[in-house]
Amino acid sequence: MEQTINQRTLIFLLSSIGLITLPHAFHVPIPTISFFFVLLIWRAIGIWRPAYLPNQLLVFLLLLSGIGLLVIMHQGVFGRDAGTAVFVTALGLKLLEIKTQRDLYLITYLAFIVAATQFLYVQNILMAGYTLLVCISLLGTLLCINSGSLGNLQSLKVAGKFLAQALPLTIILFIFFPRLEAPRWSFLQEESKAMTGLSDTLEPGSISQLGLSGERVFRAKFSGAIPSNRQRYWRGPVFSYTDGKKWEQTKKKYFKRHLDKISFSGDAYQYKILMEPQSKNWVFALDMPAAFEWPLYENGNHQLFTSEPPNKRAEYEISSYVNYNTGYITKTELSDNLQLPKPPEQRVEDLVEQLGGFSEKPETFISNLFLHFRQNKFYYTLMPPLMEENPIEAFLFDTRVGFCGHYATAFVYLMRVAGIPARVVGGYQGGEYNEAGGFIEVRQANAHAWAEVWLSGKGWVRYDPTTAIAPERVEQDVNIEQQIANNAVSFAPVQLDSQTLSLLKQARNLWSSVDYSWHRWIINYDRQNQANFLSKIGISGFKKMFYWLLGLLAAVILVLAIMLFRKQKTVLDVAQIYYLQACAKLAAVGLLRAENEGANDFLERVTEQQPQVALAFAQITRLYVRVRYTKEPTSEILDQLQVAVSSFQARVK
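What you see is a predicted model; the values in this text were computed from it and never measured.

Basis of the calculations
- Residues numbered from 1 in each chain as written.
- Predicted model: local features only at pLDDT ≥ 70, side-chain atom pairs only at ≥ 80, totals over all residues.
- Heavy atoms only, no water.
- Helix = DSSP H or I, 4+ residues; strand = E, 2+ residues; numbered from the N terminus.
- Buried < 20%, exposed > 50% of the residue type's maximum accessible area, 1.4 Å probe, protein only.
- Contact = heavy atoms within 4.5 Å.
- Areas by Shrake-Rupley, 256 points an atom, 1.4 Å probe, with all protein chains shown as cover.
- Axes fitted to C-alpha atoms, helices over the stretch in contact; angles between N-to-C directions.
- Parallel < 35°, antiparallel > 145°, perpendicular 65-115°, else oblique.
- Left-handed = near helix turned anticlockwise from the far one by under 90°.
- Nonpolar A, V, L, I, M, F, W, Y, C, P; charged D, E, K, R; others polar.
- Salt bridge = Lys/Arg side-chain N within 4 Å of Asp/Glu carboxyl O.
- Pairing = 2+ DSSP bridges.
- Core = buried A, V, L, I, M, F, W, Y, C linked by side-chain atoms within 4.5 Å.
- pLDDT = per-residue confidence, 0-100.

### Looking at the overall build of the protein chain
Turning to step 1, where the next piece is worked out: In terms of regular secondary structure, the protein chain is built from 20 helices and 21 strands.
Turning to step 2, where the next piece is worked out: Taken over 653 residues, the protein chain has a buried fraction of 44%.
Turning to step 3, where the next piece is worked out: Expressed as a percentage of contacts within the protein chain between residues at least 6 apart in sequence, the contacts between residues at least 24 apart total 73%.
Turning to step 4, where the next piece is worked out: As displayed, the protein chain offers around 34200 Å² of accessible surface, 59% of which is attributable to carbon and sulfur atoms.

Here is the structure:
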């Protein structure tokens, strides 16, 4: 078996396949990926020990084992994970059947498919670069299979040149080829994967669990002025109903039709928000969203949603105002946001009365409550103590230690006890400005909860009771580095000077900017974005786009053809002259070469009809083919070809 296949080529192929499949170790179940690498190593050992390769019966048993693994490890028939696991398993099993060059071709093509499946999981620029490199390796393998004279390094260089020549065509096709939207067949969709983030319910401490997460939620790029950090409240779910511990969104949906029209004032902020994949179809707009387009829509609590699948990145254009008046309150809103789970404890009523909740104006009561938080040893911490029973009362009178969720829920509860409509709003606050990319980056560590109080003549007004204790939470952001600096959480000490930290931050911002541009302009280049981009350069309509596509492709192909033929013309002509001189010597003794007959085919006929000169002519043919079809140094080979042709003598049989 090994005599028919170049050993060096086989090693090259197995190495490439191993690199291609390696990233799937994070996606394919461990038993399945382990099964593949066992087969890969087994086949690699068989290069030097062919006797160790399995016979047909053992291959059949391995096939049954692979099918069994697929059935056991994957729930369902369709979907991304099932299809990927099938391709990986099939690739591993096919490695044990390498006997001819045809098998090498089939395995190489299957490996290209496995490489493409990486993008079903990860679409970042690092994975794109890695996949490009392994595809160059696979292309080099094909060159090795088709050429007996190319070495591994030479084949990689040639493969790289091929891809470089194809790059202009790739760019043109990417920009102008019509974008096709993926079909949304419900029976092919997989169940949503678990993703961290804000929940549709709120309990004291639930947001603090996100405080150490550096996972990115979204990025916002403003077209003009950027709001200050303390104005960056990114609106999410609104919680109105509570059982005393857990807070939930209202189930009533039809009050939206009775809402007053919001009046906005000041300047509008225009921005594009690039949402990361998540489990819920929430879009976190700057409070308060004023203008947006499909597929976004708004509920009665002014929270934005998307009708597109949330488990993929998507960019939306939104306009928001930070100054607004929501107007009157509806009956449904009034009843929902005065709801109490049970009559308040006496000490709660006493506190409300002490702070003027029953006698003073709402604004006065709110000011007194903020002052109460500030002056009575309330503390802000990322890791508050556990409060299982009556968490609001325990926070207000016992522990006085909490995160933003504790302050927001306690604030709203006291407002309701005083007869003032109030609700809790979840979302994100702040966000780090990336100077390299010019956008705001919001992570899970920016998760926040605040309160809204309805005031006559002002509508729903935002109040953030956390600022009474920890104003830096709003003024400077909450991020992991700050939490460590504030002793909210501690790790083993790492001594880094300020210059090193600054360089690391700059490097992180630069990489984040590159990643943002990659996802915005490459990954999210869908049909709508394509139409918008082409319309800006005066190309509108399918017909015009098609003409531009054909014209640019023809122009690039013409330029490449001229470059290639100019580069090879002199060398090819000289080699061909020498070769035709040898053919003329054979024609003189009656052995004519057909006009369309290939060099190797003619060599076979010379070997049959003139065996006495076959060896000398074989050397001429080999040198001629090397000049025509390889990238080796041609001057030395041409000299050898000239000498071989000069000394060649055809003989009459």
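### Let's talk about the packing of helix α2 (residues 30-48) against helix α4 (residues 80-94)
Turning to step 1, where the next piece is worked out: Contact geometry for α2 and α4: axes closest at 8 Å, N-to-C directions at 20 degrees. Regarding the angle of α2 to α4, the classification is roughly parallel. Crossing geometry of α2 relative to α4 is assigned as left-handed. When α2 is examined against α4, the residues Thr32, Ile33, Phe35, Phe36 and Leu39 are found in contact with a partner set consisting of Ala85, Val88, Thr89, Leu91, Gly92 and Leu93.
Turning to step 2, where the next piece is worked out: Residue composition of the contact of α2 with α4, by class: 8 nonpolar, 3 polar and no charged.

### Points about the pattern of salt bridges
Turning to step 1, where the next piece is worked out: Considering all chains together, one arrives at 21 salt bridges under this definition.
Turning to step 2, where the next piece is worked out: The closest approach of N and O atoms between aspartate 515 and arginine 219, which form a salt bridge, is 3.2 Å. Highlighted residues: aspartate 515 in helix α15 (residues 498-523) and arginine 219 in strand β2 (residues 216-222), separated in sequence by 296 residues.
Turning to step 3, where the next piece is worked out: Relative accessible area serves as the criterion here: at 6%, aspartate 515 is assigned to the buried category.
Turning to step 4, where the next piece is worked out: Residues joined in a network through salt bridges with shared partners are Arg216, Arg219, Glu276, Arg313, Glu441, Arg443 and Asp515.

### Observations regarding the packing of α2 against helix α3 (residues 56-73)
Turning to step 1, where the next piece is worked out: It is the contact of α2 with α3, at a shortest axis distance of 9 Å, that shows an interaxial angle of 160 degrees. In this view, α2 runs roughly antiparallel relative to α3, as classed from their interaxial angle. Classified by chirality, the crossing of α3 by α2 is left-handed. In this structure, α2 uses Pro31, Thr32, Phe35, Leu39 and Trp42 to contact α3, whose residues at the interface are Leu58, Leu62, Ser65, Gly66, Leu69 and Met73.
Turning to step 2, where the next piece is worked out: The residue makeup of the contact of α2 with α3, split by class, is 8 nonpolar, 3 polar and no charged.

### Points about the sheet that holds strand β7 (residues 269-275)
Adjacent strands of a sheet pair through backbone hydrogen bonds, lying either parallel or antiparallel.
Turning to step 1, where the next piece is worked out: What the 6 strands build is an open sheet, ordered β10-β13-β7-β2-β19-β18; its pairing is antiparallel. Pairing within the sheet leaves two strands with one partner each, and these edge strands are β10 (289-292) and β18 (432-434). Averaged over all pairs of adjacent strands, the angle between their axes in this sheet comes to 35 degrees, without regard to strand direction.
Turning to step 2, where the next piece is worked out: Sheet topology note: the β10/strand β13 (residues 314-320) ladder contains 3 bridges and is antiparallel. Bridged to alanine 291 within β13 is serine 319.

### So, the nonpolar core
Turning to step 1, where the next piece is worked out: In this structure, Phe411, Met415 and Val453 are the most contacted members of the largest nonpolar core, which totals 40 residues.
Turning to step 2, where the next piece is worked out: Elements with a minimum of two residues in this core: α9 (346-354), α10 (362-375), α11 (391-399), α12 (404-417), β17 (422-429) and β20 (447-455).
Turning to step 3, where the next piece is worked out: At 10 residues, α12 tops the list of elements feeding residues into this core.
Turning to step 4, where the next piece is worked out: Other than its neighbours up to four places away in sequence, methionine 415 contacts Phe365, Ile366, Leu369, Ile420, Ala422 and Val453.

### So, the confidence of the model for the protein chain
Reading predicted coordinates in detail is not appropriate for stretches of low pLDDT.
Turning to step 1, where the next piece is worked out: In this model, the protein chain carries an average pLDDT of 83, and 86% of its residues clear a pLDDT of 70 or more.
Turning to step 2, where the next piece is worked out: Mean pLDDT values over the elements of the protein chain span from 45, in helix α14 (residues 480-485), up to 96, in strand β21 (residues 459-463).
Turning to step 3, where the next piece is worked out: Between residues 183-195, whose pLDDT stays under 50, and residues either more than four places distant or in other chains, the model counts 18 contacts.
Turning to step 4, where the next piece is worked out: Every residue in residues 478-495 is under pLDDT 50, and counting partners more than four places away or in other chains gives 27 contacts.

### Points about α11
Turning to step 1, where the next piece is worked out: Considered for burial, the residues of α11 that qualify are Pro391, Ile392, Glu393, Ala394, Phe395 and Leu396.
Turning to step 2, where the next piece is worked out: Looking at the buried positions of α11, the neighbouring elements they touch are β5 (247-248), α9, α10, β16 (401-402) and α12.
Turning to step 3, where the next piece is worked out: Of the residues trailing α11, arginine 400 is marked for its positive phi of about 55 degrees.

### Some details on the side chain of asparagine 301
Turning to step 1, where the next piece is worked out: Topologically, asparagine 301 is positioned in the loop between β11 (296-298) and β12 (304-306).
Turning to step 2, where the next piece is worked out: Relative accessible area serves as the criterion here: at 6%, asparagine 301 is assigned to the buried category.
Turning to step 3, where the next piece is worked out: When neighbours within four sequence positions are excluded, asparagine 301 is seen to be in contact with Arg235, Val238, Thr250, Phe255 and Arg423.

### Comments concerning the sheet that holds β21
Turning to step 1, where the next piece is worked out: Spatial strand order, β9-β3-β17-β20-β21: 5 strands in an open sheet with antiparallel pairing. Since the sheet does not close on itself, it has two edges, and those belong to β9 (285-286) and β21, each with one partner.
Turning to step 2, where the next piece is worked out: Sheet topology places strand β3 (residues 233-239) next to β17; 5 bridges connect them, and they run antiparallel. Looking across to β17, one finds that arginine 235 is bridged to glycine 427.
Turning to step 3, where the next piece is worked out: Contacts between α12 and the sheet are confined to β3, β17, β20 and β21, with β20 contributing the most and set at about 15 degrees to the helix.

### What to know about the pairing of β21
Turning to step 1, where the next piece is worked out: Taken together, the 5 bridges between β20 and β21 define a ladder with antiparallel strand orientation. Among the inter-strand pairings, valine 453 is bridged to a residue of β21, identified as valine 461.

### Regarding unusual backbone geometry
Turning to step 1, where the next piece is worked out: Residue methionine 288 is reached from aspartate 287 by a cis peptide bond, and omega for that bond is 20 degrees.
Turning to step 2, where the next piece is worked out: Mapped onto the secondary structure, methionine 288 falls in the loop between β9 and β10.
Turning to step 3, where the next piece is worked out: Here the amide bond leading from tryptophan 294 into proline 295 is cis, since omega sits at 20 degrees, within 30 degrees of zero.
Turning to step 4, where the next piece is worked out: In this structure, proline 295 sits in the loop between β10 and β11.
Turning to step 5, where the next piece is worked out: Of note in this structure, histidine 302 is not a glycine but carries a positive phi near 65 degrees.

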